[in-house]
Amino acid sequence: MRESFLPFARPTIGDDEIAEVVDTLRSGWLTSGPKVKRLEAAFAHYVGAEHAIAVNSCTAALHLALAALGVGVGDDVIVPTLTFCSTANVVIHLGARPRLVDVGRDFGIDPGAVEAAIRGARAERRRVKAVVPVHFAGQPCDLRAVQSIAQREGVFVVEDAAHAAGAEYHGRRIGTFGAATAFSFYTIKNMTTGEGGMVTTNDAGLAARVRRLSLHGMSTDAWRRYEGTGTWYYEVDEPGFKQNMTDIQAALGIHQLRRLDSFIAAREQRAEVYSAAFAATPELEIPVVQPDRKHAWHLYVLRLNLDRLELDRNSFVEAMRALNVGTSVHFIPVHLHPYYRRTFGYQPGDFPTAEHFYKQIVSLPLYPALDMQDVRYVADCVLQLVAGHRAPNPSWLAAGPAGAA
Ligand SMILES: *Cc1c(COP(=O)(O)O)cnc(C)c1O
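By convention here, each chain's residues receive numbers from 1 onward along its written sequence. Thresholds applied to this predicted model are a pLDDT of at least 70 for local features of residues and 80 or more for the giving and counting of side-chain atom pairs; totals over whole chains, interfaces and linings are not thresholded and use all residues. In computing side-chain values, all of the structure's heavy atoms are included and hydrogens and water are not.

Undergrad: Looking at this structure, how should I read the overall build of the protein chain?
TA: A count of helical and extended segments in the protein chain gives 14 helices and 13 strands. Only C-alpha atoms enter the radius of gyration; for comparison, a globular chain is expected to reach 2.2 Å times N to the power 0.38, where N is the number of residues. Its C-alpha atoms give the protein chain a radius of gyration of 23 Å, near enough to 22 Å, the size a compact globule of 405 residues would have. Taken over the C-alpha atoms alone, the protein chain extends approximately 95 × 55 × 40 Å along its principal axes. A sequence separation of at least 24 residues applies to 74% of the contacts in the protein chain between residues at least 6 apart. For helices the rule is a DSSP run of H or I covering at least 4 residues; for strands it is a run of E covering at least 2, with both sets numbered from the N terminus onward. Here, residues are in contact when the closest pair of their heavy atoms is within 4.5 Å.

Here you go:
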């Protein structure tokens, strides 16, 4: 038994990050400025996109990308129900309606459900303007299928890549498949700026609008207004938002991005230890890695085979806590939240795959700062709980005690 609590997640911050933040603080320029420009250029280069716009969260990135694509009142936006609430909340902020759909066996948005949702909207004389697939846990969804449906139906794809910085689909980094891609640099994501996010796109017009909307709709940003050659003058073409990233955040991000590939490798190595430990245990289902994708391993989502266990997921989480291990659940399906039920009439039973997974899933600690001894401790705790709570063999029960027939 561990003496101290093992947190579910924690960031890895090194001396370079600290020195860069201090340098920013001493420089006198704290808000969006030279370091934001550096991070944007480096991130665009990393994902192979022509444009990157740094913002204050992935939620802001999704919001701005959809806003810049013209999503507004009267539009529908397709969102998988097995995601963080903000993927759907931003649609509501724009006055549009989230049309939730189920996920497939790979945890990604179900392309068949996307088609059905577009048909459903048409039957109600509503228009689907965009679809927001989520690259769940860091593994890209079936992008080819989603893109071909979207192209045929004239629907924009905006990727929620909150988990997927550094992930690849068919040999190409996530960041240029959809009209725009939204990344998260939240504290416990694969790379962090404390809070932060990024929009990437290959569309210059879209990039310019996202940038403008991120800072009040102003024609020039503060850095350009206040530097030596700048001008005080600006125009507001449309009322924008206040969602820009600061140079303090970007200072962190510049060094986190340099370490991203090594962070992912460390996560993958830990995930492999878990999967090897659990592979032969029929009470557990390990994550399935698709051969045509590079998983960024933001999360290790284990599934409990509840038919074979005498404890449910919630008791499992509690039992892990009692063993001093923090775990989490990704995610409570959006349609089960009170606001979404009340407002759109969603009910339990609407999305069977997501609900089935929701009952089974538990996310285990997975981060570079987790040492291998901790990984083994977590795996041992899981196996110990399983061994202590095996359900009686159902086929043996059905046959009855030997000789009873
Ligand atoms: C974390 C997360 C977000 C939101 O990211 P923020 O940067 O915190 O706004 C959006 N979608 C998913 C799937 C996430 O996990």
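That was the structure; now back to the text.
Undergrad: Help me understand the side chain of Ser184 in this model?
TA: Relative to the helices and strands, Ser184 resides in strand 8 (residues 180-184). Buried, partly exposed and exposed residues are distinguished by accessible area as a fraction of the type maximum, computed with a 1.4 Å probe on protein chains only: under 20%, between the cut-offs, and over 50%, respectively. Residue classification places Ser184 among the buried positions, given a relative accessible area of 7%. Definition of a polar contact: a pair of N or O atoms within 3.5 Å, with one able to donate and the other able to accept a hydrogen when the atoms are protein atoms, and with sequence-neighbouring residues admitted only if both atoms are side-chain atoms. Looking at Ser184, its side chain comes within polar contact range of the main-chain nitrogen of Tyr186, at 3.1 Å. Dropping the residues within four chain positions of it, Ser184 is found in contact with Cys58, Ala161, Ala162, Lys189, Met191, Gly196 and Gly197.

Undergrad: Quick question: what am I supposed to make of the pairing of strand 1 (residues 51-55) here?
TA: Within a regular strand, the side chains alternate between the two sheet faces. Burial analysis of strand 1 places 4 of its 5 residues in the buried class, the great majority of the element. In short, DSSP must find at least two bridges between two strands for them to pair. Alignment of strand 1 against strand 9 (residues 197-201), held across 5 bridges, turns out to be antiparallel. When the sheet's bridge partners are listed, Ala54 is paired in strand 9 with Met198.

Undergrad: Would you take a moment to explain the layout of surface pockets for this structure?
TA: In this approach, a probe sized like a water molecule rolls over the atoms, and the result shows the empty space that is left. Cavity means a closed set of points on a 1 Å grid over the protein atoms alone, one where a 1.4 Å probe fits but cannot get out, pocket means an open set with protein on both sides within 12 Å along at least 5 of 7 lines, and lining means a residue has an atom within 4 Å of a point. Grid points are joined across faces, edges and corners, and a volume is the space filled by probe spheres set on the points. Of the voids in this model, the largest pocket is the one considered here, and its volume is about 380 Å³. Secondary structure elements with two or more residues in the lining of the largest pocket: helix 3 (58-68) and helix 4 (85-93). Ten residues, namely Ala, Val, Leu, Ile, Met, Phe, Trp, Tyr, Cys and Pro, are considered nonpolar, four, namely Asp, Glu, Lys and Arg, are considered charged, and the remaining ones, Gly among them, are considered polar. Grouping the constituent residues of the lining of the largest pocket by class yields 9 nonpolar, 12 polar and 3 charged. Here the second largest pocket defines a volume of roughly 260 Å³.

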